Amino acid sequence: MHGGGAADAGLTAPGARRWRLGPLAALLGIASAASLAAACLCGPLPIPPGEVLAHLGAALGLPVGHGQDPAHAVVVVDIRLSRACLAWLTGAALAMAGTVFQGILHNPLADPFTIGVSTGAAFGASLALFFGLAALPVWAGVGLLPVAAMAGAFAALGAVIALGRVGGRLRRETVVLAGIVVATFLGALISLLKALDEESVAGIVFWVMGSLQGRGWAHVGFALPYFLTGGLLVAARARQLDLLSLGDAQARALGLDADRARLALLLAASLLTGAAVSVSGVVGFVGLVAPHLVRLALGAEHRPLAVVSALAGGLLLLWSDVAARTVLPHGQELPVGVVTALLGGPFFCLVLRRRARGGGL
């Protein structure tokens, strides 16, 4: 009798989770759209809500009438809305990358910074700041800094893959160790750059702490192709991620080339991470917190987990950025990485405590 009840529960649980998928995704989607509009209300320059909505409607091509202040239109659409969109996209990319890294490495405490990609991006950006090349125009108003960060991210990934191969195969255990080695070495090089040039220290520290200050539509245009490519690759290979989470032996028994699939997913997640870090600096904990919270509701099937985690991660970073630019007086800003660390630190401690007690997450 008891065994039958347990079996029934095991059979109905996935169905219950699938039933929750649609409403949860719809709720987060609606909340994202509403939050993008609400974020445009926040800032040191007070603008009436009706006028903000009118400017947003005009930007969408809706007939909203005339008479709005053109200066306010620039603030709402070109400054606040662009920054809100970039924050949402960056958070979504980090959360989706976190989902992939946790699945590949079989570690719920993994996040986009586990294998050193973010440290590589930070090193690339630090080099650009050290040599005074950060503001060099590259494309449509985007300076060299994001380009240097992307290059650093992929150089770090290449180093991790080269170090992580044992006997021609890429194992998850060696990937983690290689990531730690690469991240530690590049972190030491960043410290060396700061020690060699005191004038660049403030810029390097502020960028490494994470910030969306001064970002606009040009940065959205720069990062969006990478976000879309990485997201589509993850969605297309989500079933392979499910198989990898069963273990290499089981995945191969089911016909999957585990090494090839792991490499492809690492590239996709690193593309998402590199693009995110290139425009926002180093923002931690989003890729850890969002997948954990969503997994509690939806379970471990990776396609819905990745999509809904992206929605949750976008919301998390969007409102973290709103807090970063409004909590201090006189238009001063906190680095958004500080806000996410303050939110994510206690959550990380909770995860560790639950795992130590055998509760898991």
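Residues numbered from 1 in each chain as written. Predicted model: local features only at pLDDT ≥ 70, side-chain atom pairs only at ≥ 80, totals over all residues. Heavy atoms only, no water.

Visitor: Can you walk me through the overall build of the chain in this structure?
Guide: Helix and strand content of the chain: 14 helices and 4 strands. What you see for the chain is a C-alpha radius of gyration of 21 Å, in line with the 21 Å of a compact globule of 361 residues. Projecting the C-alpha coordinates of the chain onto the three principal axes gives extents of approximately 70 × 55 × 35 Å. For the chain, buried positions account for 48% of its 361 residues. (Helix = DSSP H or I, 4+ residues; strand = E, 2+ residues; numbered from the N terminus. Rg over C-alpha atoms; globule rule 2.2 N^0.38 Å. Buried < 20%, exposed > 50% of the residue type's maximum accessible area, 1.4 Å probe, protein only.)

Visitor: Could you clarify how one ought to interpret helix α6 (residues 172–196) in this entry?
Guide: Residues lying three or four places apart along an α-helix face the same way, a consequence of the helix completing one turn every 3.6 residues. Here α6 contains 25 residues, and its C-alpha end-to-end distance of 36 Å stays within 8% of the 36 Å for a straight helix at 1.5 Å per residue. Every buried residue of α6 is listed here: Thr174, Val175, Ala178, Gly179, Val182, Ala183, Leu186, Ile190 and Leu193. (Expected span 1.5 Å × (residues − 1).)

Visitor: I tried to follow the nonpolar core on my own but got confused; where do I start?
Guide: One recurring pattern in soluble globular proteins is that nonpolar side chains are buried together. By size, the foremost hydrophobic cluster in this structure holds 88 residues, and its most contacted members are Ile115, Trp207 and Phe227. In terms of residue count, helix α3 (residues 70–105) provides more of this core than any other element does, 15 residues in total. Counting residues in hydrophobic clusters, the runner-up holds 9 residues, among them Cys40, Ile47, Val75 and Val76. (Core = buried A, V, L, I, M, F, W, Y, C linked by side-chain atoms within 4.5 Å.)

Visitor: Got a minute to help me understand a nonpolar patch on the surface in this structure?
Guide: The grouping of Leu60, Leu62 and Val64 at the surface amounts to a nonpolar patch, some 290 Å² of accessible area in total. Among the secondary structure elements, leucine 62 is positioned in the loop between α2 (49–59) and α3. (Patch = residues over 30% accessible without salt bridge, like charges linked within 9 Å, V, L, I, M, F, W, Y side chains within 5 Å. Areas by Shrake-Rupley, 256 points an atom, 1.4 Å probe, with all protein chains shown as cover. Salt bridge = Lys/Arg side-chain N within 4 Å of Asp/Glu carboxyl O.)

Visitor: What should I look at first to understand the side chain of serine 280 in this one?
Guide: Following the sequence through the fold, serine 280 ends up in helix α11 (residues 258–280). In this structure serine 280 comes out as buried when scored by relative accessible area, which is 1%. At a separation of 2.8 Å, a polar atom in the side chain of serine 280 contacts the main-chain carbonyl oxygen of alanine 276. Non-local contacts of serine 280, meaning those with residues more than four positions away in its chain, are made with Thr90, Gly210, Ser211 and Leu212. (Polar contact = N/O pair within 3.5 Å; in protein donor to acceptor, adjacent residues only side chain to side chain. Contact = heavy atoms within 4.5 Å.)

Visitor: Is there a simple way to explain the confidence of the model for the chain in this structure?
Guide: Atom-level detail of predicted coordinates should not be read off regions where pLDDT is low. For the chain, mean pLDDT is 85; residues scoring 70 or higher make up 91% of the total. For residues 1–13, every residue scores under 50 in pLDDT, and the model assigns this stretch 0 contacts once sequence neighbours within four places are set aside. (pLDDT = per-residue confidence, 0-100.)

Visitor: Before we go on, may I ask you to explain the packing of α3 against helix α12 (residues 286–298) in this structure?
Guide: Any two packed helices are characterised by how steeply their axes cross, that is the angle between the axes, and by the distance between the axes. Two elements in contact, α3 and α12, have axes separated by 7 Å at closest approach and are oriented at 70°. In terms of axis orientation, α3 runs roughly perpendicular to α12. The segment α3 lies against α12, with Gly91, Leu94, Ala95, Gly98, Thr99 and Gln102 engaging Val286, Gly287, Leu288, Ala290, Pro291, His292 and Arg295. Taken together, the residues of the contact of α3 with α12 break down into 6 nonpolar, 6 polar and 1 charged. (Axes fitted to C-alpha atoms, helices over the stretch in contact; angles between N-to-C directions. Parallel < 35°, antiparallel > 145°, perpendicular 65-115°, else oblique. Nonpolar A, V, L, I, M, F, W, Y, C, P; charged D, E, K, R; others polar.)

Visitor: Is there a simple way to explain unusual backbone geometry in this structure?
Guide: Backbone geometry follows two general trends: most residues other than glycine have a negative phi, and most peptide bonds adopt the trans configuration. In this model, phenylalanine 285 sits at a positive phi of 75°, which is unusual for a non-glycine residue. Along the chain, the position of phenylalanine 285 falls in the loop between α11 and α12.

Visitor: Quick question: what am I supposed to make of the side chain of aspartate 321 here?
Guide: The topology assignment puts aspartate 321 in helix α13 (residues 302–326). When its relative accessible area of 1% is taken as the criterion, aspartate 321 is described as buried. Those residues in contact with aspartate 321 that lie beyond four places of it in its chain are Arg83, Ala87, Leu212 and Val336.

Visitor: Just checking my understanding: could you explain the pattern of salt bridges for this structure?
Guide: When the charged atoms of two side chains with opposite charge come close together, those side chains can pair. Overall, the coordinates contain 5 salt bridges when judged by the stated rule. Taking the shortest distance from any N to any O, the salt bridge between aspartate 259 and arginine 252 comes out at 3.7 Å. Notably, a salt bridge pairs arginine 262 with aspartate 259, separated by 3.6 Å at the nearest N-O pair. Residue arginine 262 and its partner aspartate 259 are both found in helix α11; the two are separated by 3 residues, about one turn of the helix. The exposure class of arginine 262 is buried, given its relative accessible area of 0%. Look at the salt bridges and you will find they share partners, linking Arg83, Asp321, Arg325 and Glu333 into a network.

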